[in-house]
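Residues per chain are reported as follows:
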Amino acid sequence: MSRPGNRRPDTLGAFAVRPLEPAVDAELVHGWVTHPKAAFWLMGDAVLADVEREYRDIAAHPHHDAFIGLHNGEPAFLIERYDPTEVELKGLYEAEPGDIGMHFLVAPTDTPVHGFTRAVITAVMDFLFADPSVRRVVVEPDVTNSAVQALNKAVGFEVLREIAKPEKDALLSACTRAQFEAATGGNDR
């Protein structure tokens, strides 16, 4: 099922997003979040029941949801979207109207494709900005996660400041619709 925000043609193929179904997707997601390349997801020791419970909790939460991202119709990435005034960043920053929080994780692969992760984060941002009420995306990557920081910068994120979260020291970063369009070529993508 395709969602708005997946309109951009891409040389790497078609991207779409569907809601994550905990009972159906837990085994797939478990393999992703426990893979060594997903260390910053902080679920490396999770068992299948932990992952299913986590995504059931997210599905039941009024301010947090999760999606499976598809590449050419196949599951390829995970998105979590949240209201940062209620989840993850509550009380840790000065929220602005239209803020949405986001996490994303690309599925591990033995055959990486050059530019794929950047195409994924671009598709994620397209998906989030397809909602006209979203004015800014905020993220809080680990201060030591230089790979995702570079990706964030490439699509227009600006580091606001370092913040201390219970599970990590993070770089609070934000990207407005205009910053995203300037960084990625706007509608010409």
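Before reading further, recall that the structure is shown in the block above.
Residues numbered from 1 in each chain as written. Predicted model: local features only at pLDDT ≥ 70, side-chain atom pairs only at ≥ 80, totals over all residues. Heavy atoms only, no water.

Q: Explanation requested: unusual backbone geometry in the structure shown.
A: Most of the time, phi is negative for any residue but glycine, and the peptide bond is trans. Here N72, not a glycine, exhibits a phi torsion of approximately 50°, which is positive. Among the structural elements, N72 can be located in the loop between β2 (64-71) and β3 (74-82). We classify N72 as partly exposed; its relative accessible area is 48%. The backbone phi angle of E88 is positive, close to 70°, even though this residue is not glycine. (Helix = DSSP H or I, 4+ residues; strand = E, 2+ residues; numbered from the N terminus. Buried < 20%, exposed > 50% of the residue type's maximum accessible area, 1.4 Å probe, protein only.)

Q: Help me understand the packing of helix α1 (residues 22-33) against helix α2 (residues 48-60) in this model?
A: Helix packing for two helices is described by the angle between their axes and how far apart those axes are. Axis separation between α1 and α2 bottoms out at 8 Å; the angle between their running directions is 120°. On the basis of their axis angle, the class for α1 and α2 is oblique. Relative to α2, α1 is oriented so that their crossing is right-handed. For the pair α1 and α2, the contacting residues are P22, A23, A26, E27, V29, H30 and V33 in the first and L48, V51, E52, Y55, R56 and A59 in the second. Partitioning the contact of α1 with α2 into residue classes produces nine nonpolar, one polar and three charged. (Axes fitted to C-alpha atoms, helices over the stretch in contact; angles between N-to-C directions. Parallel < 35°, antiparallel > 145°, perpendicular 65-115°, else oblique. Left-handed = near helix turned anticlockwise from the far one by under 90°. Contact = heavy atoms within 4.5 Å. Nonpolar A, V, L, I, M, F, W, Y, C, P; charged D, E, K, R; others polar.)

Q: What is the right way to look at the side chain of R136 in this model?
A: For R136, the location among the structural elements is in strand β5 (residues 136-139). There is a polar contact of 3.4 Å between the side chain of R136 and the side chain of E96. Side chain to side chain, R136 and D99 meet in a polar contact 2.9 Å long. If sequence neighbours within four positions are ignored, R136 has contacts with Y93, E94, E96, G98, D99, I100, F129, L160, A174, C175 and T176. (Polar contact = N/O pair within 3.5 Å; in protein donor to acceptor, adjacent residues only side chain to side chain.)

Q: What should I look at first to understand helix α4 (residues 146-154) in this one?
A: In an α-helix, one full turn covers 3.6 residues, which means residues spaced three or four apart are oriented alike. Where α4 is concerned, the buried positions are V148, L151 and N152. All buried residues of α4 fall inside an arc of 100° around its axis, so they share one side. Along α4, exposed side chains directed more than 90 degrees from the buried face belong to S146 and K153. Packing partners of the buried residues in α4 comprise β4 (99-106), α3 (116-129) and β5. (Arc of directions from axis to C-beta.)

Just geometry here; none of it tells us what the structure is for.
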